[in-house]
Amino acid sequence: SYEGGIIGSAYLRDDNKISIENCSVENSQIFVSGEHNKIGGLVGGAWSELQTNGSITIKNSYAKCNIEIDDPKKSYHSAAGGIIGDASAGGANVTIENSYFIVI
């Protein structure tokens, strides 16, 4: 499961670009339960195929929220982050500029 305040999964298959600019998430509770979860204040997971030369960019954005994963088995596959939960970019570039996270 991929959960984010704006995008659950930012996935690149080709040499394209994903850009999130001037966005915000405020006063939210982002919660998932179970194994293998990726959860982030803005994006749950940012990932691509290994052969991709694309890019994922987050600029001038922020998340002001609570993030929680209830993983009863404490799976090492679960990941949480204030901006991006899991950035397994493969062949793509992931860039975060002038962005921040605040826990409420």
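Use the structure listed above.
Cut-offs and rules
Residues numbered from 1 in each chain as written. Predicted model: local features only at pLDDT ≥ 70, side-chain atom pairs only at ≥ 80, totals over all residues. Heavy atoms only, no water. Pairing = 2+ DSSP bridges. Helix = DSSP H or I, 4+ residues; strand = E, 2+ residues; numbered from the N terminus. Axes fitted to C-alpha atoms, helices over the stretch in contact; angles between N-to-C directions. Phe/Tyr/Trp six-rings, centres within 6.5 Å; stacked < 30°, edge-to-face > 60°.

Novice: Run through the sheet that holds strand E8 (residues 62-70), naming residues and quoting values.
Specialist: Strand-to-strand pairing in sheets goes through backbone hydrogen bonds, with the strands running parallel or antiparallel. If you walk across this open sheet you meet the 3 strands as E4-E8-E12, and the pairing is parallel. On the outer flanks of this sheet lie strand E4 (24-33) and strand E12 (100-103), each paired with one strand and no other. Averaged over all neighbouring strand pairs, the angle between strand axes comes to 35°, with direction disregarded. As defined by bridge partners, E4 adjoins E8 across 9 bridges and the pair is classed as parallel.

Novice: Can you break down the packing of aromatic side chains residue by residue, with the values?
Specialist: For any pair of aromatic rings, the description consists of the separation of the ring centres together with the inter-plane angle of the planes. Counted by the stated rule, this structure contains 3 aromatic pairs. Residues Tyr11 and Trp47 carry aromatic rings whose centres are separated by 4.1 Å and whose planes lie at 40° to one another, so their mutual orientation is tilted. Residue Tyr11 is located in strand E2 (residues 7-12), and its partner Trp47 is located in strand E6 (residues 43-48); the two are separated by 36 residues in the primary sequence. Both rings, one in Tyr62 and one in Tyr100, keep their centres 5.0 Å apart while their planes meet at 5°; by these two values the pair is stacked. Here Tyr62, found in strand E8, pairs with Tyr100, found in strand E12; they are 38 residues apart in sequence, far enough to count as distant.

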